[in-house]
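Each chain, written out:
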Number of protein chains: 2
Amino acid sequence: MKDALSILRRCKIQPTPQRIAVVEYVLKSKAHPSADDVLSYARKKCPTVSRATVYNTLNLLVEKGLLGMQTIKEGAVVFDSNIEKHHHFVDSETGDIYDIPWDQLEVKGKDKLKDFEIFEFQVILRGRRKKK
Amino acid sequence: MKDALSILRRCKIQPTPQRIAVVEYVLKSKAHPSADDVLSYARKKCPTVSRATVYNTLNLLVEKGLLGMQTIKEGAVVFDSNIEKHHHFVDSETGDIYDIPWDQLEVKGKDKLKDFEIFEFQVILRGRRKKK
DNA sequence: AATTTTATCTTGACATTGTCTAATATAATA
DNA sequence: TATTATATTAGACAATGTCAAGATAAAATT
Ligand SMILES: [Mn+2]
Ligand SMILES: [Mn+2]
Ligand SMILES: [Zn+2]
Ligand SMILES: [Zn+2]
């Protein structure tokens, strides 16, 4: 992944210290953090950053297609640095979310759903991650 | 579907006017209502019913396995009178949620996910419902 | 450089979701 | 009836998320 600065520049988003702190964390994380997770981290690098700026930046990244947003667990949306199509596995005990590569699963029968025009879909699995 | 009163009795939940109002609506609805939707309706039948009682009752029904709960759309959990296994389609424009029968879709490849013990899964599709 | 204009940030207010508690009301039991 | 257990209510509370107003900073003009 490229550094936060060049990512912001490439997308014509003014790189400010606050935005850099947000981007650095959220685009690097594979943990599907909540906005509050991002805020906590960003405040380490940039102690005065506000809740509003974090939300603004996250929403901006989502609009630009640089960041995914998922409503998988209750209470708060999570943000997803993986913007390729993929499925999700949620550990019921820990709440941790894992990516399942797109081609690992195949969903058959969508063509028969005549009443619906499908823009996107994903499989959401829940269970326990086996410790290796 | 049986009437609210006998459902509550059968599950050894004291049938009160408040609970009956909640059950009547939420177990009959196919619209995947939010807690607030349920509260609004319940207040028509039982104007003094409180937010807490609605949540208590909904949670009770979920615990007893009479009601499903889904985190499909952001902002609020929705409740699901369909407790059979099924998939979901979300209309991106309206936010409406439709049930997709379990055997209409087949998800292949789950066996190959060696790292995960799967308790449950579903396909979530998003798009536009075709007007018939 | 100084001024003006624009973009961004912060604070705090606000609405909504959901849980919890203390007080009250209702029902069941003795 | 008196006692006990159960349910309901109102409001407090915390968390998520949006918004507007004013403060700061950056950029553009002069
Ligand atoms: Mn988290
Ligand atoms: Mn609704
Ligand atoms: Zn993901
Ligand atoms: Zn459903």
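This one's a predicted model, so the numbers in the text were calculated from it and none came from an experiment.

Chemist: Please clarify how the protein's contact with DNA strand D should be interpreted in this entry.
Modeler: With respect to spatial proximity, 17 residues lie near DNA strand D, and among them A:Val77, B:Thr16, B:Gln18, B:Thr48 and B:Ser50 are the closest. Of everything in DNA strand D that lies within 4 Å of the protein, sugar and phosphate atoms constitute 81%. At a separation of 2.3 Å, a phosphate oxygen of DNA strand D approaches a polar side-chain atom of B:Thr16. In the environment of DNA strand D, a sugar or linking oxygen lies 3.0 Å from a nitrogen or oxygen atom belonging to the side chain of B:Gln18. Among the elements of the structure, α3 (35-45) and α4 (51-63) of chain A together with α2 (17-26) and α4 (51-63) of chain B are those that each provide at least two residues to the surface near DNA strand D.

Chemist: Looking at this model, I keep getting lost on the domain arrangement of chain A. Mind explaining?
Modeler: Interfaces are often sized by the accessible area lost when the parts come together. Residue and element names in this part refer to chain A. Under the domain assignment, chain A is made up of domain 1 (4-80) and domain 2 (86-127). A C-alpha centroid distance of 24 Å is found between domain 1 and domain 2. Tallying the contact residues gives seven residues for domain 1 and nine residues for domain 2. Both sides of the domain 1 and domain 2 interface together cover about 640 Å² of buried area, and 55% of this is carbon and sulfur. Summed over the three residues of domain 1 that lose the most area to domain 2, namely His-32, Ile-72 and Lys-73, the buried surface amounts to 70% of that side. Joining domain 1 to domain 2, the criterion identifies zero salt bridges. The residue inventory of the side of domain 1 that touches domain 2, partitioned by class, reads two nonpolar, two polar and three charged.

Chemist: So what exactly am I meant to see when it comes to the coordination of the zinc ion (ligand 3) here?
Modeler: Tetrahedral coordination by four donors puts the ideal angle at the metal at 109.5 degrees, and octahedral coordination by six puts it at 90 or 180 degrees. Residues and elements named next belong to chain A. The protein atoms that coordinate the zinc ion (ligand 3) are His-32 (NE2), Asp-80 (OD), His-86 (NE2), His-88 (NE2) and Asp-99 (OD), at distances of 2.1 to 2.2 Å. In the primary sequence, the donor residues of the zinc ion (ligand 3) line up as H-x47-D-x5-H-x1-H-x10-D. Residue Asp-80 is found in strand β2 (residues 78-80), and its partner Asp-99 is found in strand β4 (residues 97-101); the two are separated by 19 residues along the sequence. Using a relative accessible area of 2% as the deciding quantity, one classes Asp-80 as buried.

Chemist: Please explain α3(A) as it appears in this structure.
Modeler: Note on helix geometry: an α-helix contains 3.6 residues per turn, so any two residues three or four positions apart are oriented the same way. All names here are of chain A. Listed in full, the buried residues belonging to α3 are Ala-35, Val-38, Leu-39 and Ala-42. Across the axial projection of α3, the buried residues extend over an arc of 100 degrees, all falling on one side. Against α2 (17-26), α4 and β2 lie the buried residues of α3.

Chemist: Can you walk me through the protein's contact with DNA strand C in this structure?
Modeler: In the region of DNA strand C, 18 residues are neighbours, and A:Gln14, A:Thr16, A:Gln18, A:Thr48 and B:Val77 sit closest. Within 4 Å of the protein, the atoms of DNA strand C are drawn from sugar and phosphate moieties in a proportion of 80%. Contact distances for DNA strand C include 3.3 Å between a phosphate oxygen and a side-chain N or O atom of A:Arg19. One of the backbone nitrogen or oxygen atoms of A:Thr48 is found 2.9 Å away from a phosphate oxygen of DNA strand C. Looking at the surface near DNA strand C, the elements with two or more residues in it are α2 and α4 of chain A together with α3 (35-45) and α4 of chain B. Of the residues forming the surface near DNA strand C, the biggest block, three residues, is contributed by α4(B). A per-class count over the surface near DNA strand C returns seven nonpolar, nine polar and two charged.

Chemist: Before we go on, may I ask you to explain the environment of A:Ala42 in this structure?
Modeler: Residues and elements named next belong to chain A. Of note, Ala-42 is situated in helix α3. Considering only alpha carbons, one finds Ala-42 and Ile-20, 22 residues apart in sequence, at a separation of 8.7 Å. Every residue in contact with Ala-42, bar those within four places of it in the chain, is listed here: Ala-21, Val-22 and Val-49.

Each value, and the rule that gives it
- Residue numbers run consecutively from 1 along every chain, following the written order of its sequence.
- Each chain gets a letter, beginning with A, and each ligand a number, beginning with 1, in the order they are written.
- Thresholds applied to this predicted model are a pLDDT of at least 70 for local features of residues and 80 or more for the giving and counting of side-chain atom pairs; totals over whole chains, interfaces and linings are not thresholded and use all residues.
- Water and hydrogen atoms play no part in the side-chain values, which are based on all heavy atoms of the structure.
- Think of it this way: one heavy atom of a residue within 4 Å of a molecule or strand is enough to make that residue near it.
- Here a polar contact is recorded for every N or O atom pair within 3.5 Å, except that within protein the pair must consist of a potential hydrogen donor and a potential acceptor, and residues adjacent in sequence are included only if both atoms are side-chain atoms.
- For helices the rule is a DSSP run of H or I covering at least 4 residues; for strands it is a run of E covering at least 2, with both sets numbered from the N terminus onward.
- All the domain ranges listed were derived from an automatic or database domain assignment.
- For this analysis, residues touch if any pair of their heavy atoms sits within 4.5 Å.
- Buried area adds together the accessible area that both of two parts lose upon being put together, with accessible area traced by a 1.4 Å probe.
- Any carboxyl oxygen of Asp or Glu within 4 Å of a side-chain nitrogen of Lys or Arg constitutes a salt bridge here.
- Residues are grouped as follows: Ala, Val, Leu, Ile, Met, Phe, Trp, Tyr, Cys and Pro are nonpolar; Asp, Glu, Lys and Arg are charged; every other residue, Gly included, is polar.
- Donor atoms: N, O and S within 2.8 Å of the metal, or within 3.2 Å for Na, K and Ca. Because water is excluded, sites can look incomplete.
- Each residue is placed in one exposure class: buried if its accessible area under a 1.4 Å probe, protein chains only, is under 20% of its type's maximum, exposed if it is over 50%, and partly exposed if it falls in between.
- Relevant arc is that of directions from the helix axis to the C-beta atoms, nothing else.

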